[in-house]
Amino acid sequence: MLAVLCVVLFLDGMDVSMVGVALPSIGTELGMPESALQWLVNGYVLGYGGLLLLGGRTADLLGRRRVFLIALGAFAAASFVGGLVDDGTLLVVTRFIKGLAAAFTAPTAMSILTTTFPEGPARNRALSIFTVFGASGYSSGLIIGGLLTSVGWRWTFLTPVPLALAALFFGLRLIPRDNGRAEGGHDLWGALTLTSGMLLAVYTVVTAPERGWLSPLTLGSAVVVAALLTAFVVIENRIAHPLIRLGILRVGTVVRANLSLIALMGSYVSFQFMMTLYLQNVLHWAPLAMAFALLPAGLVVVVGSPVVGKLIDRYGTGRLIQLSMVSLSLGYVWFLATAGNAPGYLATILPTMLLLGGGFGFGFSAIMAQGTEGIDDAEQGLAAGLLQTSGQVGSALILAVVTAVLAGSEHAVDLGSFRPGLNLVTAVALIGLLLNLVPLLRRRRRA
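Since this is a predicted model, take the numbers as computed values, not measurements.

## Comments concerning the overall build of the protein
- Helix and strand content of the protein: 15 helices and zero strands.
- Rg of the C-alpha trace for the protein: 21 Å, near the compact-globule value of 22 Å for 447 residues, within the 12% margin.
- Across its three principal directions, the C-alpha atoms of the protein cover 60 × 60 × 45 Å.
- Considering the protein as a whole, with its 447 residues, one finds that 55% of them fall into the buried category.
- The contacts in the protein between residues at least 6 apart in sequence include a share of 83% that link residues at least 24 apart.
- Computed over 26 positive and 20 negative side-chain charges, the inter-centroid distance for the protein is 11 Å.

Okay, here's the thing in structure tokens:
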């Protein structure tokens, strides 16, 4: 069963990185400008980030096995159709549908894992293995995407199909049946206001750099987002069976874990985005060469994650997350301190990727464990959905802001044009570090 869950996480990571490598080839063949190509990434993010909480709650109510397998089937179908279409708009639609499917598979897989393996060493070990597959999927996708793109970009869409079907076949046999454990029905109004608010929030930030942050459309969208999210909070406080029990946000470790994941994933995704632009557009590296340059971070996660479960057992999640944030922050600071306008690979890029890999390797499993520990089984889907939402939507929002401050980077001749964005991701990582040092300072003061 754990193998099935890991394969699906592997697919999620591989799919994201493969499509990113193939974007230039897709644009050339389908005649899509850069403004349209971005929606192959952002369409996935909109579907994924906007529906994660609904996905986790639906799994709690209707049964995790059922929701997981249906969503996995939808993922395979959308991948297959995406590899056949000849229209850019239809391709974006398939990416949005894949994001919707992942919004249900990701939190459901996490809740199946956390409800199957008891809290403690068994769950920590399972989370470590789970993390290895996510990191290896993303890293493999960079290399596989570079190879497949040379044959034809359509293979980056078609390749996940047989793997998804195999996972569906074995999932039917290996994932135990459940009928849903949470009480109550669907909070339809809560789901509608939250999902609409999240979708519109991501859309607003993603499109703001093109429209202008102070344009009437951007400001109007922001007002509607605020109204929708306010309505959601009011509904959740009054309804008998809410989509989100807001009391879960009073648990300090849950809130800290979600904010830590925003800092971890938001800074790393934005940094990799900038490195991709720099290495390909400024240094004119081939996609495969770029993939190998960024690969060390994923390899560190793959090699180090299996031992993280034992480290969590011995030192606890708090210390591991603190170590993660130290490694992450040092990576960005090292890059800024040594890069100049033409960073060398051995002196700057390689040490940075190793430090970032250490941050991800130590932090991801520990954050997942911290964000779900002590939570009742009936709300594990909710807790997992909160974490996934924080990671995805937080990444999208930070990336959108980074993109906005990188005006003119497409015509950059050196690293200087990217420095404002690099300063921003470094600040995000340092905020994550300070957030996790606060409990340590409080304990020392009490002592």
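## Some details on the environment of Arg446
- If you trace the backbone, Arg446 turns up in helix α15 (residues 419-446).
- Exposure remark for Arg446: the relative accessible area of 72% places this residue in the exposed category.
- In this structure the C-alpha to C-alpha distance between Arg446 and Ser327, which are 119 residues apart in sequence, comes to 27 Å.

## Some remarks on the environment of Tyr332
- Along the chain, Tyr332 falls in helix α12 (residues 317-339).
- Using a relative accessible area of 1% as the deciding quantity, one classes Tyr332 as buried.
- Tyr332 sits 83 residues away from Leu249 along the chain, and the two C-alpha atoms are 30 Å apart.
- Ignoring any residue separated from it by four or fewer positions in sequence, one finds Tyr332 in contact with Ser267, Tyr268, Phe271, Leu356, Val425, Thr426 and Ala429.
- Engagement of the side chain of Tyr332 in a polar contact is seen with the backbone nitrogen of Tyr268, the distance being 3.1 Å.

## Points about the packing of helix α11 (residues 287-315) against α12
- Remark: α11 packs on α12, axes separated minimally by 7 Å, with the N-to-C direction vectors making an angle of 120°. Accordingly, the angle class assigned to the pair α11 and α12 is oblique. On the side of α11, the interface is formed by Leu311, Ile312 and Tyr315, while α12 contributes Thr317, Arg319 and Leu320.
- Residues of the contact of α11 with α12, tallied by class, amount to four nonpolar, one polar and one charged.

## Description of a nonpolar patch on the surface
- Residues Trp213, Leu214, Leu219, Val401 and Val405 make up a contiguous nonpolar surface patch of about 470 Å² in total accessible area.
- Its location among the elements puts Leu219 in helix α9 (residues 216-238).
- When its relative accessible area of 43% is taken as the criterion, Leu219 is described as partly exposed.

## A closer look at the pattern of salt bridges
- This model, assessed by the stated rule, comprises four salt bridges.
- Residues Asp86 and Arg154 are paired through a salt bridge, measuring 2.4 Å at the closest nitrogen-oxygen approach. Note that Asp86 is positioned in the loop between α3 (64-82) and α4 (88-116) and Arg154 in the loop between α5 (121-151) and α6 (155-158), a separation of 68 residues in sequence.
- With a relative accessible area of 62%, Asp86 lands in the exposed category.
- Residue class for Arg154 comes out buried when judged on its relative accessible area of 18%.
- Beyond isolated ion pairs, a larger network of salt bridges with shared partners links Asp15, Arg95 and Lys98.

## Let's talk about the side chain of Asn258
- Relative to the helices and strands, Asn258 is located in helix α10 (residues 252-282).
- You can call Asn258 buried: its relative accessible area is 9%.

## Points about the side chain of Thr105
- If you trace the backbone, Thr105 turns up in helix α4.
- Discounting residues that sit within four places of it in the chain, Thr105 has contacts with Val8, Asp12, Phe68, Ala71 and Leu72.

Here is what the cut-offs are and how they apply
Residues numbered from 1 in each chain as written. Predicted model: local features only at pLDDT ≥ 70, side-chain atom pairs only at ≥ 80, totals over all residues. Heavy atoms only, no water. Helix = DSSP H or I, 4+ residues; strand = E, 2+ residues; numbered from the N terminus. Rg over C-alpha atoms; globule rule 2.2 N^0.38 Å. Buried < 20%, exposed > 50% of the residue type's maximum accessible area, 1.4 Å probe, protein only. Contact = heavy atoms within 4.5 Å. Lys, Arg positive; Asp, Glu negative; His and termini not counted. Charge placed at Lys NZ, Arg CZ, Asp CG, Glu CD. Polar contact = N/O pair within 3.5 Å; in protein donor to acceptor, adjacent residues only side chain to side chain. Axes fitted to C-alpha atoms, helices over the stretch in contact; angles between N-to-C directions. Parallel < 35°, antiparallel > 145°, perpendicular 65-115°, else oblique. Nonpolar A, V, L, I, M, F, W, Y, C, P; charged D, E, K, R; others polar. Patch = residues over 30% accessible without salt bridge, like charges linked within 9 Å, V, L, I, M, F, W, Y side chains within 5 Å. Areas by Shrake-Rupley, 256 points an atom, 1.4 Å probe, with all protein chains shown as cover. Salt bridge = Lys/Arg side-chain N within 4 Å of Asp/Glu carboxyl O.

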